[in-house]
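Given next are the chains, with one letter for each unit.
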Amino acid sequence: MKPPAFRYHAPRTLEEAVRLANELPNPRLLAGGQSLLPMLNFRLLAPDHVIDLNRVAGLAGIQETATGIVFGAMTRQRDIEFSPIVKRRLPLLSEAIQWVGHRQTRNRGTIGGSLCHLDPSAEQPTVAIAMDATVSIAGPGATRELPMREFALDLMTSALADGEILASVRIAPWANSHGWAFLEFARRHGDYAIVSVAVLLELDGEQRASRVSITLGGVASTPVRVPQAEAVLLGSRIEAGDIEAAAACCAAVEALGDPQVPAWYRQRLARTLTARALPIALARARGDKQ
Amino acid sequence: MSSMPTPDSTAAATPPDDEAMMQISLKVNGREITCRVAERKHLADFLRQDLQLTGTHLGCEHGVCGACTIWVDGVTARSCLMLAVQADGCELRTVESLATEGPDGHGLSPLQQAFWDRHGLQCGYCTPGILMSLTELLRDDPAPTEEAVRITLSGHLCRCTGYQNIVAAALDAAARIRSAV
């Protein structure tokens, strides 16, 4: 038996879960468990109470609304992978989710768990940053909304206060004609990416880029947009030189380094993956217009 | 559960007095089970120590190696990444259930037979998890491509075979199942 001793709670409503999270000392929320359980097994965490969100009613599901696609925090990655709504309206997420762990972990893992865990290499926070997602947070007495960029504070650190629970995330789709690409490099399919890149593009009637989003995962302490690279492309017809220039901007982002993956290696990967992703997104944006 | 034989009983049998316990009811390989389990015990340890279902193997206990893969409510999951108490009300399937899929209700399943014939295992440590994942793949996709098999296997570490024979066994099993229908 590896996990340290804790008391287990399985609330049935979000109100009850919030109440427990506020009343119990040193609690930890359990979503899909695909990151929390390893941390417990390793005893990297020693909560006094584990509050399991898996039995909370109404916390999972995918809904198409006027302001975007809303995912309950406990929506499993498997359900995102096979959702026709996601495939049609959020193809970037649909593509990225294939890179999340393995079938065996996507069957349990949740979008909300990944957004709160905030591993800098994780795919779902990268997509959420790329698409300016909005998170909805339940606290004692009130719910508040935050843009994902303000939610992702730092390395594995979200803006959730003690006693708050992520309830849902809303992602507004881009125009139907947009192009997208999600690429990553890892040593084994399903491992955390060393670097990932998410690209979204919209073209105007003259094939000029009218909206651009370029986001790097695994480079900095959280996924980061690269506004310099976006600025290179905005308003241009995107020739090979523009792609090289945008990729060079991505190589200039300050990168984390560790003994296995030095910063310069992440920066090179950022350049290479961006240079590969942009033509894919561009072809898709052009193809949809024809 | 106390009436069952306990081949590796030391860790399971007597939790300390102050261990937080919870009663759970679940179905494992078609059998209804109600018992008390330590709240912090992960599902793989529960299966192995409390139910003596030692076919499920534990390699890394942090979700990387895939040896402990079982089915939870019809889909695969890492049993080291779930608490046993989370399985309350669930229907589980472990590797022990596969050998009931043979031609006459016992004996090896077509996938297990293909592993045998194709030398799809050597030490066998990773095999139970791989069998559960490939059984899911073959259920969902009766004619998987080699790439689909390899993507499924990406969630499993095997240090003996180099995977070639496992891939061959999976494709062979798919063909056998298709021709038997």
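Residues numbered from 1 in each chain as written. Chains lettered and ligands numbered in written order. Predicted model: local features only at pLDDT ≥ 70, side-chain atom pairs only at ≥ 80, totals over all residues.

### Description of the overall build of chain A
Our working rule: Note on conventions: DSSP H or I runs of at least 4 residues are helices, E runs of at least 2 residues are strands, and numbering of each starts at the N terminus. In this scheme every C-beta is placed from the backbone, and a residue whose C-beta has 20 or more other C-beta atoms within 10 Å is buried, one with 12 or fewer is exposed, and one in between is partly exposed.
A tally of helices and strands in chain A yields twelve helices and 14 strands. In terms of overall dimensions, chain A has C-alpha extents of about 60 × 45 × 30 Å along its principal axes. The buried share of chain A, reckoned over its 290 residues, is 50%.

### Observations regarding the overall build of chain B
For clarity, the threshold we go by: Radius of gyration: over C-alpha atoms. The globule rule applied is 2.2 Å multiplied by the number of residues raised to the 0.38 power. By the convention adopted here, residues are in contact when the distance between their C-beta atoms, placed from the backbone, does not exceed 7 Å.
On a plain count of helices and strands, chain B comes out with six helices and five strands. Listed N to C, the secondary structure of chain B is α-β-β-α-β-β-β-α-α-α-α in terms of helices and strands. Taken against the 2.2 N^0.38 rule, which gives 16 Å for 181 residues, the C-alpha radius of gyration of chain B at 17 Å falls within 12% of a compact globule. With the principal axes as the frame, chain B shows a C-alpha extent of 55 × 35 × 25 Å. Put simply, chain B has 181 residues, and 46% of those count as buried. Across chain B, the fraction of contacts at a sequence separation of at least 24, relative to all contacts at a separation of at least 6, is 59%.

### Observations regarding the packing of helix α3 (residues 110-117) of chain B against helix α6 (residues 164-180) of chain B
Each pair of packed helices can be summarised by the angle the axes make with each other and by the distance between the axes. Residue and element names in this part refer to chain B. Just so we agree on the cut-off: Every angle, taken between N-to-C directions, lies between 0 and 180 degrees, and every axis is a line fitted to C-alpha atoms, over only the stretch in contact when it is a helix. Oblique is the label for every angle not falling under 35 degrees (roughly parallel), over 145 degrees (roughly antiparallel), or within 65 to 115 degrees (roughly perpendicular). Working rule for handedness: look at the near helix, and if it is turned counterclockwise from the far one by less than a right angle, call the crossing left-handed; if clockwise, right-handed. Residue polarity is assigned by list, with Asp, Glu, Lys and Arg as charged and Ala, Val, Leu, Ile, Met, Phe, Trp, Tyr, Cys and Pro as nonpolar; anything else, Gly included, falls into the polar class.
Their axes nearest at 8 Å, the elements α3 and α6 cross at an angle of 135°. In terms of their interaxial angle, α3 and α6 are classed as oblique. Where α3 crosses over α6, the handedness of that crossing is right-handed. Facing Pro110, Leu111, Ala114 and Phe115 of α3, the residues of α6 in contact are Ala169, Asp172, Ala173, Arg176 and Ile177. Grouping the amino acids of the contact of α3 with α6 by side-chain chemistry returns seven nonpolar, no polar and two charged.

### As for the pairing of strand β5 (residues 68-72) of chain A
All names here are of chain A. Rules: Strands are treated as partners if at least two bridges between them are detected by DSSP.
Where strand β4 (residues 62-65) meets β5, four bridges bridge the pair, whose relative direction is antiparallel. In the sheet register, Glu64 faces β5, and the bridge partner there is Ile69. Between β4 and β5, which pair antiparallel in sequence order, lie two residues. Taken together, the four bridges between β5 and strand β10 (residues 165-171) define a ladder with antiparallel strand orientation. Paired with Phe71 across the strands is Val169, a residue of β10.

### Looking at the interface of chain A and chain B
At the junction of the two partners, chain A supplies 24 residues and chain B supplies 29 residues. Elements that contribute at least two residues to the side of chain A that touches chain B include exactly β1 (7-9), α2 (36-41) and α6 (103-106) of chain A. Residues belonging to the side of chain A that touches chain B are distributed by class as follows: eight nonpolar, ten polar and six charged.

### Notes on the sheet that holds strand β2 (residues 27-30) of chain A
All names here are of chain A. The strand order across the open sheet built from three strands is β1-β3-β2, with neighbouring strands paired in parallel fashion. Looking at the sheet topology across the chains shown, the edges are occupied by β1 and β2. Pairwise comparison of adjacent strand axes, ignoring direction, gives a mean angle of 25° for this sheet.

### Overview of the packing of α3(B) against helix α4 (residues 127-140) of chain B
Residues and elements named next belong to chain B. Remark: α3 packs on α4, axes separated minimally by 10 Å, with the N-to-C direction vectors making an angle of 125°. If you check the angle between α3 and α4, you find them oblique. For the crossing formed where α3 meets α4, the hand is right-handed. Touching Leu111, Gln112 and Phe115 of α3 are Thr127, Leu131, Leu134, Thr135 and Leu138, all from α4. Class assignment for the residues of the contact of α3 with α4 results in five nonpolar, three polar and no charged.

### So, the environment of A:Leu14
With respect to the secondary-structure elements, A:Leu14 resides in helix α1 (residues 14-23). A sequence separation of 151 residues divides A:Leu14 from A:Ile165, and the C-alpha atoms of the two residues are 8.4 Å apart.

### Quick look at helix α8 (residues 123-130) of chain A
Among the eight residues of α8(A), eight are classified as buried, and the element is accordingly described as predominantly covered. Every buried residue belonging to α8(A) is among A:Glu123, A:Gln124, A:Pro125, A:Thr126, A:Val127, A:Ala128, A:Ile129 and A:Ala130, and all of these are buried.

### Quick notes on the sheet that holds strand β5 (residues 91-93) of chain B
Residues and elements named next belong to chain B. Strand order in the open sheet formed by five strands is β2-β1-β5-β3-β4, and the pairing between neighbours is mixed. Whereas interior strands pair on both sides, the edge strands pair on one side only; in this sheet they are β2 (31-38) and β4 (75-78). On average, each strand axis in the sheet is tilted by 40° relative to the strand beside it, whichever way the strands run. Along the sheet, α4 makes contact with β3 (69-72) and β4, crossing β3 at roughly 45°.

### Things to note about the domain arrangement of chain B
Residues and elements named next belong to chain B. What counts here: Segmentation of the chain into domains, including their bounds, is taken from an automatic or database domain assignment.
Split into domains, chain B comes out as domain 1 (7-94) and domain 2 (101-180). Here the C-alpha centroids of domain 1 and domain 2 sit 24 Å apart. Each partner contributes to the interface: domain 1 provides 13 residues, whereas domain 2 provides ten residues. Elements supplying a minimum of two residues to the side of domain 1 that touches domain 2: β3 and β4. With three residues, β3 is the largest single contributor of residues to the side of domain 1 that touches domain 2. Its residues placed into classes, the side of domain 1 that touches domain 2 shows six nonpolar, seven polar and no charged.

### Examining the environment of B:His57
Residues and elements named next belong to chain B. When you line up the elements, His57 lands in the loop between α2 (43-50) and β3. A residue is classified by how many C-beta atoms lie within 10 Å of it, and His57, with 20 of them, is buried. Leave out the neighbours within four places in its chain, and His57 touches Ala67, Cys68, Tyr125, Pro128 and Gly129.

### A word on the nonpolar core
Note the cut-off: The nonpolar core criterion groups buried Ala, Val, Leu, Ile, Met, Phe, Trp, Tyr and Cys residues into a set whenever they are joined through C-beta atoms within 7 Å.
Counting residues in hydrophobic clusters, the biggest one holds 138 residues, and the most contacted among them are A:Leu92, A:Val199, A:Ala246, A:Cys250 and A:Ala281. For this core, the leading source of residues is helix α12 (residues 263-289) of chain A, giving eight residues.

### Side note on unusual backbone geometry
Non-glycine residue A:Asp132 carries a positive phi angle of around 50°. Of note, B:His119 is a non-glycine position whose phi angle comes to about 55°, a positive value. In this fold, B:His119 is placed in the loop between α3 and α4. With 14 C-beta atoms packed within 10 Å, B:His119 lands in the partly exposed category.

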